[in-house]
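Structure assessment
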Amino acid sequence: MSIRHSAVWGRGRLIVIAGSEGHVLRSEEGGQRWKRVQTSTRQDLSALAGAGAALIAAGHCGTLLSSRDDGQRWSDVGCGATADLRGVALRDDGEAIAVELGGTVLRSGDHGQTWGAVLRRKALGDAA
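**Observations concerning the overall build of the protein chain**
- Looking only at helices and strands, the protein chain has 1 helix and 12 strands in total.
- Ordered by position from the N terminus, the helices and strands of the protein chain form the series β-β-β-β-β-β-β-β-β-β-β-β-α.
- When burial is assessed residue by residue, the protein chain has 47% of its 128 residues classed as buried.
- Long-range contacts, defined here as pairs at least 24 residues apart, represent 31% of the contacts in the protein chain between residues at least 6 apart.
- Put simply, the protein chain shows about 6,600 Å² of open surface, and 47% of that area lies on carbon and sulfur atoms.

**Points about unusual backbone geometry**
- Here the phi dihedral of E21 falls at roughly 55°; this positive angle occurs in a residue that is not glycine.
- The class for E21 is partly exposed, based on a relative accessible area of 38%.
- Unlike most non-glycine residues, H111 shows phi in positive territory, near 60°.
- You can see H111 is positioned in the loop between β11 (105-108) and β12 (116-119).

**Regarding the environment of R36**
- Mapped onto the elements, R36 comes out in strand β4 (residues 35-37).
- In the structure, R36 is positioned 10 residues away from R26 in sequence and 6.5 Å away in space, judged by C-alpha atoms.
- Engagement of the side chain of R36 in a polar contact is seen with the side chain of H23, the distance being 3.1 Å.

The rules we used
Residues numbered from 1 in each chain as written. Predicted model: local features only at pLDDT ≥ 70, side-chain atom pairs only at ≥ 80, totals over all residues. Heavy atoms only, no water. Helix = DSSP H or I, 4+ residues; strand = E, 2+ residues; numbered from the N terminus. Buried < 20%, exposed > 50% of the residue type's maximum accessible area, 1.4 Å probe, protein only. Contact = heavy atoms within 4.5 Å. Areas by Shrake-Rupley, 256 points an atom, 1.4 Å probe, with all protein chains shown as cover. Polar contact = N/O pair within 3.5 Å; in protein donor to acceptor, adjacent residues only side chain to side chain.

Here is the structure:
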């Protein structure tokens with residue numbers, strides 16, 4: 001298994017890596033031992049964010065995955081995006097933002113369970 005296009009997140013001794021072809025690896029031992037975690041996607045994952053036990057992974061073709069248990073189990077959450085997602089952020093209060101390659105900004109208020117567009121590329125062009 002190759003992990004390229006990877007994103008890394010950690011808290012204490014917990015480290016989570018999300019990468020190519022939907023691969024997710026977890027270590028609860030500061031990187032000494034790793035476990036592969038099953039996901040429902042084969043899309044490359046390029047961004048990862050966490051707050052508390054909640055994690056969000058974002059990637060190619062609008063892929064968004066959500067975990068509520070420190071990355072042990074992942075759910076595919078539809079967001080309506082089709083372009084690659086390049087960045088994601090998650091706050092402790094559940095507010096999350098994901099950014100599409102084309103400039104659309106997506107928002108979630110429930111730790112990444114549901115998403116909606118808050119700023120579209122056209123609006124970005126109009127603001128300039």
